[in-house]
Structure formats: C-alpha cells, structure tokens
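Each chain, letter by letter, is given below.
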Amino acid sequence: MQILLLFGPDLIKTNPGLAIGLVVLLAVAIQTGLALVGSARRLAHQRRQLSRERERLDYLVRAAKSQWHNAELEKASWNGWRKFRVHKKVSECEDVCSIYLQPHDGKPIPGFQPGQYLTFGLDIPGRDRQLVRCYSLSESSLKQEYYRVSIKKERAPRDKPGIPAGTASTFFNDVVREGDILNAKAPTGHFYMDTAKEAPVVLMGAGVGITPVLAMANHIADSGSKREAWFFFVCRNGQEYMLRQDVDRLRKFDNIRVFVCFSKPAEAEVKDRDYDREGRLNVQLLKEVLPSSTYDYFMCGSGPFMKDMYDGLIEWGVPDGRIHFEAFGPASVKRVTEAKAAAPAATAAAPVGGKVTFAKSNRSCAWDGTAANLYELAKANGVRIDYGCGAGSCGSCLVAVKSGDVAYKDPPGFAVEAGSCLTCVGCPKGDVVLDA
Ligand SMILES: Cc1cc2nc3c(=O)[nH]c(=O)nc-3n(C[C@H](O)[C@H](O)[C@H](O)COP(=O)(O)OP(=O)(O)OC[C@H]3O[C@@H](n4cnc5c(N)ncnc54)[C@H](O)[C@@H]3O)c2cc1C
C-alpha cells in the first residue's frame with residue numbers, strides 16, 4: 001500500500017501493467033495475511049480448548065482414581081482395635097513428635113479423607129484402664145504404607161503446681177519407642193476436605209492444629225491436583241515450628257501459597273528466611289493477601305483462635321457453610337446458623353431431677369446437677385464408658401439410649417445417629433436408660 005501511495009499516480013501513468021500487478025499482489029498478500037491471522041487465532045482457540053479439555057479429563061481421572069482408591073482401601077478397613085507397630089518416631093520440634101505406624105498384621109490399610117483422625121486405646125503402665133485419645137493424621141492419605149500422627153506434649157498448667165502433664169501426649173513423646181505396638185481404631189471424623197472437588201481452599205492451622213490442615217495441603221500436593229490452596233500456619237517462633245519440612249515442600253507447588261506467621265519471633269530469626277509474617281494469623285491478614293473471600297475455609301487451633309477467625313470470616317461475608325473447623329478440646333465456636341436454628345429448649349441446660357439408669361452395669365442414679373454430663377455421672381458411679389475428646393467430636397463415648405431423651409448444651413461436632421448419645425457432652429432430659 002505504501003509503495004502505491006508513494007509511486008501510485010506516476011506508476012499508473014508510466015507502467016499501468018506493473019501497477020495492476022502490484023495491486024493484485026498486495027490484495028493476495030492481505031488476504032493471505034488475514035487468513036493466517038485467522039488460522040493462528042483459531043489454532044490458539046483450539047489449543048486453549050484442548051488444554052481446558054485436558055484439565056477436565058485430568059480432573060475426571062483424578063476423581064475416578066480417588067473414588068477407586070477409597071473404595072479399594074475401604075475394603076481394608078476394620079472394626080474395633082487393630083494393632084500397629086511404631087515404624088518410625090521423629091522429633092519435629094520442642095515437645096512435638098511424629099509417629100509413623102504400620103499395621104502389625106502386614107495387611108493393607110485403608111485410605112482416609114484428609115482431616116480425619118485415628119483413635120488410640122493406650123495401655124499406659126500404672127493406669128488401671130485403657131486411655132482413649134484421638135490424633136489427626138498429618139500426612140497425605142495417598143501414602144499407603146503407613147499412617148502418621150504428630151503429637152504435642154501437653155504441659156501442666158503453669159499456674160497449677162502439682163497438676164500432672166497430659167497423660168497420653170507425654171506417653172507418646174517420652175515413652176513410646178520404635179517397634180512398640182499400639183491399638184488404633186480405623187480413621188474417622190467429619191472434619192475433612194472433599195478431595196473430589198476442585199473448589200479453592202484456605203487452610204489454617206494454629207500450633208498443633210496444623211495437623212489436619214497439613215494433611216489437606218499434602219493431599220493437594222501429592223495428588224497433582226491444580227486446586228488453588230492458601231496455607232496459613234501460626235506459631236510462636238522457630239522453636240514451635242513443627243512439620244517444617246512438610247510446609248517448606250508445599251512452597252514448591254505453583255497452586256499452593258504458604259504463609260507462616262511467627263507471633264513472637266526470636267531475635268535471631270529473620271523475616272522471609274525463617275517466617276513470612278510477624279504477628280498473629282487473623283482475618284486482617286487474609287483480607288490483605290487473598291484476592292477475594294470466595295473460598296472454602298478449613299481451620300484448626302485453640303478455642304480463641306477459631307472463635308476470632310470464625311467471627312471475622314462471618315463479618316467479612318463468608319457464608320457459614322463454607323467455614324469448616326475442628327476443636328481438639330471443648331467446642332468454642334458457635335455457628336450463626338446454629339444460634340438461629342436452635343430452639344431454646346434444645347440448647348437449654350437439662351433440668352435437674354431425672355433418673356439415669358445404666359442398664360448393663362445395673363446402676364441407677366439421680367441427675368442432681370453435680371455432674372457436668374452423662375459421662376461424668378457414669379464415671380462418678382463406677383460405670384465405664386470409653387472416652388476420647390471430651391468435646392463431642394470423636395464419638396468414643398457414644399452409647400445407645402434405650403429410653404428417654406438426651407440434650408446437648410453445646411451441639412456435638414457431628415450429627416449423632418438416632419437412638420444414641422454422646423455422653424461426654426450430653427445431659428438427660430428427664431428419666432433416661434442408657435445401654436452402658
Ligand atoms: C479429633 C481430635 C484430633 C486431635 N488431634 C491431635 C493432634 O493431631 N495432635 C495433638 O497433639 N493433639 C491432638 N488432639 C488432642 C489429643 O486428643 C489430646 O486431647 C491431647 O494430646 C491431650 O491429651 P493428654 O492425655 O495428653 O492430656 P490429659 O491427661 O487429658 O490432660 C489435658 C490437660 O489437662 C491438664 N490436667 C490434667 N489433670 C488436670 C487437673 N486435675 N486439673 C486441671 N488440669 C489438668 C494437663 O496438664 C494437660 O494440660 C486431638 C483431639 C481431637 C478430639
């Protein structure tokens with residue numbers, strides 16, 4: 001075109017044939033160019049479609065594999081106690097150890113949903129009865145050869161001299177050795193991340209509450225999923241930074257962003273080398289770093305931590321159903337939906353005055369307000385019921401109700417099946433007969 005504009009009028013006069021030839025050539029060139037651009041666009045579009053299709057297929061294959069894996073491994077599940085050998089014991093940081101368990105019978109072990117836990121029945125020397133405690137699985141469920149739990153030794157309260165340190169956690173940290181045999185029930189729990197979904201997630205752990213959310217992040221990493229994940233962990237400083245190797249490994253994955261907060265870094269600790277943020281993990285930090293609030297949130301930590309996070313997320317406009325949490329002790333978070341839905345009668349403390357009968361043990365006692373719950377009442381009257389979390393989360397203390405009704409002051413961590421009750425958080429509504 002430029003050539004024609006430059007030489008156009010003269011060229012037409014002096015050599016019209018050449019001018020026409022040039023115009024034709026130019027038209028062909030433009031047409032070819034346009035055709036080329038069109039095909040390049042089509043090609044790019046097809047490539048994008050192909051890549052989307054490949055991602056969709058990858059996802060379907062992963063989901064099918066995960067379903068198959070779960071179904072296959074479900075067959076390897078068991079009822080009651082099963083013996084596990086401590087294959088490896090690793091010190092993670094001060095007061096925290098990881099225990100790697102392999103089945104003593106050498107048979108396969110079932111997979112689990114990341115976030116679930118194992119229930120241990122511990123025969124601790126000097127105790128007259130088995131101690132039941134729950135510990136979250138901290139590894140990805142795709143490691144089929146072993147289970148890993150990571151346990152923090154519960155120190156005695158500083159302001160209460162004479163009180164012993166936590167029994168089970170001290171036993172695991174100070175007494176258990178490689179080669180020891182432990183009794184465990186099959187993985188269970190209602191706090192888990194659905195691995196068949198691809199919805200972006202925010203995973204938050206405070207202190208030892210890192211264990212279930214780390215299992216979730218590890219699952220995303222190990223499965224090759226491209227699911228967007230934000231992983232937040234808060235502890236005091238490097239001395240309390242447990243499972244650091246796992247957390248560092250997560251940083252290598254493009255789809256996983258990691259933020260480690262030290263609430264009180266030691267003098268020698270350096271930001272961006274030892275930790276990412278100084279201060280607490282709170283909703284303010286999430287607002288700063290997350291592109292939006294549209295995520296599924298999973299969190300585990302101390303009562304106050306979870307209450308702060310939950311309240312903050314609700315205030316930020318996150319729907320209640322997208323916030324998932326687990327307490328390692330008594331429940332501290334009351335969901336807004338529960339507060340709205342709960343009729344006053346369902347949550348009110350059960351009135352004093354009924355009679356509780358423990359049918360198997362052939363004992364009856366008055367519900368006179370001295371015991372905090374049915375488990376405490378049973379214990380005070382010599383009736384043995386299994387006990388785990390004391391928070392209505394683990395299901396260890398589940399007992400069948402033969403007649404009568406049981407109420408919960410704080411809602412249990414999961415829907416209790418009809419005809420049963422969780423004694424560690426339940427109180428009788430009038431006369432009750434329990435199968436214990
Ligand atoms: C679903 C679930 C998952 C869990 N996952 C993990 C996990 O991954 N890692 C982990 O470390 N923990 C986890 N826990 C917590 C764990 O189950 C135990 O509760 C924890 O290890 C403490 O048990 P313990 O027997 O050592 O302490 P306990 O003996 O039950 O004592 C608890 C605390 O009470 C204090 N105490 C003892 N006697 C008294 C008294 N008379 N008065 C006042 N205080 C007293 C102790 O010093 C201690 O600090 C989980 C809990 C649940 C429910």
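J.: Requested: an account of the overall build of the protein, with residues and values cited.
T.: Along the protein, the regular secondary structure elements total 10 helices and 17 strands. Expected size for 436 residues packed as a compact globule is a radius of gyration near 22 Å; at 31 Å, the protein overshoots this value by more than 25%. With respect to the three principal axes, the spread of C-alpha positions in the protein is 120 × 50 × 45 Å. For the protein, buried positions account for 43% of its 436 residues. Expressed as a percentage of contacts within the protein between residues at least 6 apart in sequence, the contacts between residues at least 24 apart total 66%. A total of about 23200 Å² of accessible surface is found on the protein, and carbon and sulfur atoms cover 53% of it. Positive and negative charge centroids in the protein, built from 57 and 49 side chains respectively, lie 3 Å apart.

J.: With reference to specific residues and values, describe the site of the ligand.
T.: The environment of the ligand is made up of 24 residues, and the closest members are Arg-133, Cys-134, Tyr-135, Pro-164 and Ser-169. Note that an oxygen atom of the ligand is positioned 2.8 Å from one of the side-chain N or O atoms of Arg-133. Between the ligand and the protein, one listed contact pairs an oxygen atom with a side-chain N or O atom of Thr-211 at 2.9 Å. Coverage of the ligand by the protein amounts to 78% of the 980 Å² it exposes when considered alone. Per-element tally for the shell around the ligand: the top contributor is strand β4 (residues 131-136), with 4 residues. Its residues placed into classes, the shell around the ligand shows 13 nonpolar, 6 polar and 5 charged.

J.: If you had to explain the pattern of salt bridges to someone new, which residues and values would you point to?
T.: Using the criterion set out here, one finds 18 salt bridges in the structure. Across the salt bridge formed by Asp-248 and Arg-251, the nearest N and O atoms sit 3.5 Å from each other. Assessed through its relative accessible area of 34%, Arg-251 is described here as partly exposed. Across the salt bridge formed by Asp-276 and Arg-251, the nearest N and O atoms sit 3.0 Å from each other. Within this pair, whereas Asp-276 is found in the loop between β9 (256-262) and β10 (277-278), its partner Arg-251 is found in the loop between α5 (244-250) and β9, the two being separated by 25 residues in sequence. Salt bridges here are not isolated pairs; linked through shared partners, they connect Glu-139, Lys-143, Asp-222 and Arg-249.

J.: How would you summarise the sheet that holds strand β1 (residues 82-93) if you had to cite specific residues and measurements?
T.: Ordered in space as β4-β3-β6-β1-β2-β5, the 6 strands form an open sheet in which the pairing is antiparallel. Lying at the two open borders of the sheet, with one neighbouring strand each, are β4 and β5 (147-152). Each strand of the sheet is rotated relative to its neighbour by a mean of 40°, with strand direction disregarded. Bridge analysis of strand β2 (residues 96-103) against β5 gives 6 bridges, and the strand direction is antiparallel. Counterpart to Ile-99 in the pairing with β5 is Val-149. On the sheet, helix α3 (residues 167-175) packs against β1, β2, β3 (117-122), β4, β5 and β6 (181-188) and is oriented at approximately 70° with respect to β4.

Rules used throughout
- Sequence positions are assigned chain by chain, starting from 1 and proceeding in written order.
- Two thresholds apply to this predicted model, a pLDDT of at least 70 for residue-level local features and 80 or more for giving and counting side-chain atom pairs, whereas whole-chain, interface and lining totals are computed over all residues.
- For side-chain calculations, the full set of non-hydrogen atoms in the structure is used, while hydrogens and water are omitted.
- In this description a helix means any DSSP run of H or I spanning at least four residues, a strand means any run of E spanning at least two, and both kinds are numbered starting from the N terminus.
- Every radius of gyration here is taken over C-alpha atoms, with the globule rule written as 2.2 Å times N^0.38, N being the number of residues.
- The classification of residues rests on relative accessible area computed with a 1.4 Å probe and restricted to protein chains. Under 20% of the type maximum is buried, over 50% is exposed, and intermediate values are partly exposed.
- Residues count as neighbours in contact if any of their non-hydrogen atoms are within 4.5 Å of one another.
- Per-residue and other accessible areas were derived by the Shrake-Rupley procedure at a 1.4 Å probe size, with only the shown protein chains allowed to occlude residues.
- Lys and Arg are tallied as positive, Asp and Glu as negative. Neither His nor the chain termini are counted.
- Think of each charge as sitting on NZ of Lys, CZ of Arg, CG of Asp or CD of Glu.
- The nearness test applies per residue and asks whether one of its heavy atoms lies within 4 Å of the molecule or strand.
- Distance and chemistry together define a polar contact, namely a pair of N or O atoms within 3.5 Å, with one atom able to donate a hydrogen and the other to accept it when in protein, and with adjacent residues in sequence counting only for side-chain atoms on both sides.
- Residue polarity follows a fixed list, in which Ala, Val, Leu, Ile, Met, Phe, Trp, Tyr, Cys and Pro are nonpolar, Asp, Glu, Lys and Arg are charged, and the others, Gly among them, are polar.
- For this analysis, a salt bridge means a side-chain nitrogen from Lys or Arg found within 4 Å of a carboxyl oxygen belonging to Asp or Glu.
- Between any two strands, at least two bridges found by DSSP are needed for them to pair.
- The convention used is that axes are lines fitted to C-alpha atoms, helices contributing only their stretch in contact, and that angles between N-to-C directions extend from 0 to 180 degrees.

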